[in-house]
Amino acid sequence: MVNITYLASAHHGTGLEDPSFDSPADHATRYLVATFFEAKFFLLFSFLFGYSFTLQAKSAARGGARFSRRFLRRLAALFALGAFHAVVLFPGDILTTYAVLGLVLLTARNTRPRNAVRTAVVLFTVTATGYLMLGFAQYAAGGGGIDAAAAAAQAQQATDALRLARDR
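Residue indices begin from 1 for each chain and proceed along its sequence in written order. Under the rules for a predicted model, residues below a pLDDT of 70 receive no local features and side-chain atom pairs below 80 are neither given nor counted, while totals for whole chains, interfaces and linings still include all residues. The basis for the side-chain values is all heavy atoms of the structure; hydrogens and waters are excluded.

Enquirer: Help me understand a nonpolar patch on the surface, please; the structure alone is not making it clear to me.
Expert: Only residues whose relative accessible area exceeds 30% and that take part in no salt bridge are eligible for patches, with like-charged residues grouped when within 9 Å of each other and nonpolar side chains (Val, Leu, Ile, Met, Phe, Trp, Tyr) grouped when within 5 Å. Here the Shrake-Rupley method, with its probe set to 1.4 Å, supplies the accessible areas, and only the displayed protein chains count as covering residues. We define a salt bridge as a contact between a side-chain nitrogen of Lys or Arg and a carboxyl oxygen of Asp or Glu at a distance within 4 Å. A grouping of Leu 44, Phe 45, Phe 47, Leu 48, Tyr 51 and Leu 55 is seen on the molecular surface, where their side chains present a nonpolar patch of about 610 Å² in accessible area. A run of H or I in DSSP becomes a helix once it reaches four residues, and a run of E becomes a strand once it reaches two; helices and strands are each numbered from the N terminus. Positionally, Leu 44 belongs in helix α2 (residues 24–63).

Below you can see the structure in the form of structure tokens.
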């Protein structure tokens, strides 16, 4: 549901709206998908990833296995699967990100709750400040960095090529 407009678009990556998605119904559909699917999966998948981490740690402890080695092996497999998926199927893959963040989770698993909250507040503040500075820099530079005329010409060429191919 979330990626279908990207995959259906002939102009993904150009910064322009696809001309085939201009009706009010299309905009309403995009809004509903963003609200009910896109915004939900970040929280849901992050929760499931963290919860599975605790389940795997407890399972390893019950079985007397070394959790770190087992989890690193699973992260490597997740990264490989994500990289394959990103190259072959969809460039917006999230699995490689989960694999990298799993390394952070493994490293920080014994952090005290008070220190974890402090670290989270600092990271959130630094990230928010970075995005604000990036926004101000973009505003000061006069735009988003996309040459609208060149992007429009490229989009028109792609549209013409698709129409030509369709009409053959």
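Enquirer: Mind showing me how you'd approach the packing of α2 against helix α3 (residues 67–88) here?
Expert: In a pair of packed helices, the angle between the axes and the distance between the axes together describe the arrangement. As a packed pair, α2 and α3 sit with axes 9 Å apart at the nearest point and diverge in direction by 140°. With respect to α3, the element α2 is oriented oblique. For the element pair α2 and α3, the recorded crossing hand is right-handed. Along its contact with α2, which presents Phe 49, Phe 53, Gln 56, Ala 57, Ser 59 and Ala 60, the element α3 presents Phe 67, Arg 70, Phe 71, Arg 74, Leu 75 and Leu 78. Between the N-to-C directions of two axes lies an angle of 0 to 180 degrees, each axis being a line fitted to C-alpha atoms and, for a helix, fitted only over the stretch in contact. For classification, angles of less than 35 degrees are called roughly parallel, those exceeding 145 degrees roughly antiparallel, those between 65 and 115 degrees roughly perpendicular, and all remaining angles oblique. Crossings are classed by handedness, with left-handed meaning an anticlockwise turn of the near helix from the far one by less than a right angle and right-handed meaning a clockwise turn. In what follows, residue pairs with any heavy atoms lying within 4.5 Å of each other are defined as contacts.

Enquirer: Can you walk me through the side chain of Thr 96 in this structure?
Expert: Note that Thr 96 resides in helix α4 (residues 95–107). Each residue gets one of three labels from its accessible area relative to the maximum for its type: buried under 20%, exposed over 50%, partly exposed in between, using a 1.4 Å probe on protein chains only. According to the relative accessible area criterion, Thr 96 is buried, its value standing at 18%. Leaving out residues up to four positions away in the same chain, Thr 96 has contacts with Phe 79, Gly 82 and Ala 83.

Enquirer: How should a positive patch on the surface be read in this particular structure?
Expert: A cluster of basic side chains, namely Arg 66, Arg 69, Arg 73 and Arg 74, defines a positive patch on the protein surface. By the element assignment, Arg 74 lies in helix α3. Charge convention: Lys and Arg are scored as positive, Asp and Glu as negative, and His as well as the terminal groups of each chain are ignored. The atoms used to mark charge sites are NZ of Lys, CZ of Arg, CG of Asp and CD of Glu.

Enquirer: Even after reading the chapter, I still don't get the packing of α2 against α4, so can you show me in this structure?
Expert: Direction vectors running N to C along α2 and α4 enclose 45°, while the axes themselves pass 11 Å from each other. When the axes of α2 and α4 are compared, the pair comes out oblique. Between α2 and α4 the crossing geometry is right-handed. Residues Phe 42, Phe 45, Ser 46, Phe 49 and Phe 53 of α2 lie in contact with α4, whose contacting residues are Tyr 98, Gly 102, Leu 105 and Leu 106.

Enquirer: Would you take a moment to explain helix α5 (residues 113–141) for this structure?
Expert: Residue pairs spaced three or four apart in an α-helix point in one direction, given the helix's 3.6 residues per turn. Over its 29 residues, α5 extends 42 Å from the first C-alpha to the last, a length consistent with the 42 Å expected when each residue adds 1.5 Å. Looking one or two residues beyond α5, the residue adopting positive phi is Gly 142, at roughly 95°. By definition here, a helix of n residues has an expected span of 1.5 Å times n minus one.

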